[in-house]
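Summary of the model geometry
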Amino acid sequence: MPADGYRWFDFTVLVRDLDPQAHMANHVYVAYLSEARARWLRDRDPDGRLLRPSVVADVHVRYVSSLLARETFRVGVLVTRIGTSSVTFGYRIEAGDGRLVCEADSVEVMVDARTRRPRALSAEARAALGAA
């Protein structure tokens, strides 16, 4: 893991992600966070048996600067808190030139596949998340 604690994932802004004024709507930034988190989870739990199913319970984003058409950028993901049935993720989006685009966090709650109610994280799931 890099010294900053984040696991980084590379992306390029797609023209389809921008409106006619070349502005990226907030939900598109959140979609990139979601994709980076999904990649992070697949790295830790390839078959999805430990950390799936889950639901996003909360997302907060602090925007600093905009991404532009075809601009390269990276999304950093890290775990900032592990609860009984939830995981809080921290994020950074940085443009290819190193400019901070946004910082964010989200809370993902593990749920029982049948009841859709929260379920406790197992010891094995905690280990996959990096908890001792």
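Look a little higher up for the structure.
This section reports on the structure supplied with the text. No experiment lies behind these values; they were computed from the predicted model shown. (Residues numbered from 1 in each chain as written. Predicted model: local features only at pLDDT ≥ 70, side-chain atom pairs only at ≥ 80, totals over all residues. Heavy atoms only, no water.)

Below, the discussion takes up the overall build of the protein chain. For the protein chain, the count of helices and strands is two helices and five strands. Listing each helix as α and each strand as β along the protein chain from the N terminus yields β-α-β-β-β-β-α. In terms of C-alpha radius of gyration, the protein chain reaches 16 Å, essentially the compact-globule figure of 14 Å for 132 residues. Across its three principal directions, the C-alpha atoms of the protein chain cover 45 × 35 × 25 Å. Burial analysis of the protein chain (132 residues in total) assigns 41% to the buried set. Taking all contacts inside the protein chain whose residues are at least 6 apart in sequence as the whole, residues at least 24 apart take part in 66%. Treating the 19 positive side-chain charges of the protein chain as one cloud and the 17 negative ones as another, the clouds have centres 5 Å apart. (Helix = DSSP H or I, 4+ residues; strand = E, 2+ residues; numbered from the N terminus. Rg over C-alpha atoms; globule rule 2.2 N^0.38 Å. Buried < 20%, exposed > 50% of the residue type's maximum accessible area, 1.4 Å probe, protein only. Contact = heavy atoms within 4.5 Å. Lys, Arg positive; Asp, Glu negative; His and termini not counted. Charge placed at Lys NZ, Arg CZ, Asp CG, Glu CD.)

Core analysis: the biggest nonpolar cluster contains 31 residues, and Met-24, Leu-51, Leu-67, Phe-73, Val-75, Val-77 and Ile-93 have the highest contact counts within it. At the level of secondary structure, the elements contributing two or more residues to this core comprise β1 (7–12), α1 (26–44), β3 (72–82), β4 (86–95), β5 (100–110) and α2 (123–128). Sorting elements by how many residues they give to this core places α1 first, with seven residues. In this structure, Val-75 is in contact with Arg-7, Trp-8, Phe-9, Phe-11, Tyr-32, Leu-33, Ala-36, Tyr-91, Arg-92 and Ile-93, ignoring residues within four places of it in sequence. (Core = buried A, V, L, I, M, F, W, Y, C linked by side-chain atoms within 4.5 Å.)

Everything listed here is a matter of coordinates, which is why it stays silent on function.
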